[in-house]
Amino acid sequence: MSRRLVAQALPSLLAGKGVPNLTQSQWSTLMKVARNTGVLSMIAMRNHPYDKFPEPMLVENLTAAANHFAFFRRQVMREVHELARYAGQAGVHDITLLKGAAYIAAGYKAGNGRFCSDIDALVSKDSIPVLEKKLNLLGWFQSGLTSYDEKYYREWSHEIPPLKHVERKTVLDIHHNLIPVISNRAPDIRSFTRHKIHLFDNVYVLRPAAMVLHSAIHLFTGEEFQNGFRDLNDLYSLFDTFAEHDGFWQDLQSLAEETRFTRELYLAVSMVGYFYADGAPKELEQLASALYPGKLKARFYEWLFSRLLAPWSELIDAKRDIVFARWMGFLRGHYLKMPLPVLLMHTCHKIYVSAVESFSGVKAKP
């Protein structure tokens, strides 16, 4: 199945703009690609009832995906409520959910069918030690980290090491910022948490403009894009949800300019427009024009991210340009997160550790 056909069919289904006319074989491939890219449950949740789909097997797959997500959502909300309760016991009365957990808890379209591998939460940096100690007492621990990894998280990153529950195996990512501090781009977090939205108890989510901009930062400063198409759909869904909110577009542009993330916002609006075309809000084109980085950069960004964010699967024809784009994206992401001297040191360390483990067969000691 061609990349072009997949890149047209999946956004149409995710936007709820109609069911494409495909053969049985193409439907089978498309559903497998949707599953591999993490969007099958989103298609299931956004296209019910399924009478528009031509194959009984499609209906069975979509029904199973919807049921799976309903169970997952209950799990996420249980973990969120427990985190809120434990944090409150530790004296932490302000938890801001991020990314997938935020979309689900807030009931936004972006969370409808959205799976996430962990629960991301933002708290003040000063409150992290007492919260982490409380979570340790309740069975949440980090694991498998070397002393170098520990240093990376504690001194350079924007979060503490991931905490996994000893029984449930669920993972918490506790943040104090949105991008590694070593990057020299970590913003004053108050710019994002200003006017945050209260959900329940001590749980909040970012206001619409801050939520969208964080989603753009997360995607377009990353170095791995296995979930790139799913994350781009997050942005499309958020734009679609907030497009008619009073002051949203002005707040979004102002926040990007204030925090110096205009490049990431331009990439978000241009790539959503590229993949979702007619399904995207009309304001995206206006915002892309306002943030336009120049013809040369715009063409490079389109070439790179149209390949990085396209659905990935072994079932789709993969050409050399995709492999090259992934390599460039990997290097770019690391470069954005670390100054060059630190990046070189970090890379040399990782190569050394990998070589030692390969030759000795022994994992590096924590």
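Remember, predicted model here, so these are calculated numbers, not experimental data. (Residues numbered from 1 in each chain as written. Predicted model: local features only at pLDDT ≥ 70, side-chain atom pairs only at ≥ 80, totals over all residues. Heavy atoms only, no water.)

For the rest of this paragraph, the subject is the overall build of the protein. Summing up its helical and strand segments, the protein has 16 helices and 7 strands in all. Overall, the protein is about 55 × 45 × 45 Å in size when its C-alpha atoms are taken along their principal axes. Sequence separation of at least 24 residues holds for 69% of the intrachain contacts in the protein that already meet a minimum separation of 6. Side-chain charges of the protein comprise 43 positive and 37 negative groups, with the mean position of each set lying 3 Å from the other. (Helix = DSSP H or I, 4+ residues; strand = E, 2+ residues; numbered from the N terminus. Contact = heavy atoms within 4.5 Å. Lys, Arg positive; Asp, Glu negative; His and termini not counted. Charge placed at Lys NZ, Arg CZ, Asp CG, Glu CD.)

Taking 1.5 Å as the rise per residue, helix H1 (residues 3-14) with 12 residues should run 16 Å; its terminal C-alpha atoms sit 17 Å apart, in good agreement. Of the positions making up H1, those classed as buried are Val6, Ala7, Ala9, Leu10, Pro11, Leu13 and Leu14. Where H1 is buried, its residues contact helix H2 (24-36), helix H3 (40-46), helix H10 (228-242) and helix H12 (262-276). (Expected span 1.5 Å × (residues − 1). Buried < 20%, exposed > 50% of the residue type's maximum accessible area, 1.4 Å probe, protein only.)

Residues Phe192, Phe220, Leu235, Phe239, Leu252, Tyr276 and Phe305 are the most contacted members of the largest nonpolar core, which totals 112 residues. Top element by residues in this core is helix H4 (residues 56-89). It accounts for 13 residues. The next biggest cluster of nonpolar side chains, apart from the first, holds 7 residues, and it includes Leu145, Tyr152, Tyr153 and Ile182. (Core = buried A, V, L, I, M, F, W, Y, C linked by side-chain atoms within 4.5 Å.)

This part covers the pattern of salt bridges. Scanning the model with the defined rule gives 20 salt bridges in all. Taking the shortest distance from any N to any O, the salt bridge between Glu82 and Arg78 comes out at 3.6 Å. On the criterion of helical spacing, the pair formed by Glu82 and Arg78 is a turn pair, its members being 4 residues apart in helix H4. Where salt bridges share partners, they join Arg78, Glu79, Glu82 and Arg168 into one cluster. (Salt bridge = Lys/Arg side-chain N within 4 Å of Asp/Glu carboxyl O.)

Read across the open sheet, the 7 strands follow the order S3-S4-S5-S2-S1-S7-S6; overall the sheet is mixed. Unpaired on one side and paired on the other, strand S3 (140-141) and strand S6 (197-200) mark the two borders of the sheet. Two strands pair when backbone bridges link them, and strand S4 (residues 163-165) and strand S5 (residues 171-175) are joined in this way by 2 bridges, in the antiparallel orientation. Across the sheet, Lys164 pairs through a bridge with Val171, a residue of S5. On the sheet, helix H5 (residues 99-106) packs against strand S1 (95-98), strand S2 (119-122), S6 and strand S7 (203-205) and is oriented at approximately 105 degrees with respect to S1. (Pairing = 2+ DSSP bridges. Axes fitted to C-alpha atoms, helices over the stretch in contact; angles between N-to-C directions.)

This paragraph deals with the environment of Trp140. With respect to the element layout, Trp140 can be found in strand S3. Aside from chain neighbours lying at most four places away, what touches Trp140 is Glu79, Leu135, Leu163, Lys164, His165, Arg168, Thr170, Val171 and Leu172.

For the structure shown, the criterion picks out 19 aromatic pairs. With a centroid separation of 4.2 Å and 0 degrees between ring planes, the pair formed by Tyr236 and Tyr276 is classed as stacked. Taken together, the residues Tyr236 in helix H10 and Tyr276 in helix H12 connect sequence positions 40 residues apart. Each member of the pair, Tyr236 together with Tyr276, is buried. A ring pair is formed by Tyr274 and Phe275, whose centres lie 5.1 Å apart and whose planes are at 70 degrees; its orientation type is edge-to-face. Through pairs of rings, three or more aromatic residues link up here, namely Tyr108, Phe239, Phe242, Phe248 and Trp249. The ring of Tyr204 carries the charged tip of Lys196 above its face, separated from the ring centre by 5.1 Å. (Phe/Tyr/Trp six-rings, centres within 6.5 Å; stacked < 30°, edge-to-face > 60°. Lys NZ or Arg CZ within 6 Å of the ring centre and 35° of its normal.)

This brings us to the pairing of S6. Regular strands show a simple pattern: their side chains alternate between the two faces of the sheet. Sheet topology note: the S6/S7 ladder contains 3 bridges and is antiparallel. Directly across from Phe200, in S7, lies its bridge partner Val203. Connecting S6 to the antiparallel partner S7 that follows it, the hairpin turn spans 2 residues, and Asp201 within it adopts a positive phi of roughly 45 degrees.

A word on the side chain of Arg114. Along the chain, Arg114 turns up in the loop between H5 and S2. On the accessibility criterion, Arg114 (3% relative accessible area) is buried. A polar contact is formed between the side chain of Arg114 and the side chain of Asp234, at a distance of 2.7 Å. (Polar contact = N/O pair within 3.5 Å; in protein donor to acceptor, adjacent residues only side chain to side chain.)

Alternating positions in S2 separate into two faces, Ile119 and Ala121 on one and Asp120 and Leu122 on the other, with burial throughout. In this structure, S1 lies alongside S2, joined through 3 bridges in antiparallel fashion. Of the residues in S2, the one forming a bridge with Leu97 is Ala121. As paired strands, S2 and S5 are joined by 4 bridges and run parallel to one another. Within S5, the residue paired with Asp120 across the bridge is Asp173.

What follows deals with the environment of Met211. Residue position: Met211 is located in helix H9 (residues 208-220). According to the relative accessible area criterion, Met211 is buried, its value standing at 4%. With 18 residues separating them along the chain, Met211 and Thr193 place their C-alpha atoms 9.5 Å apart.

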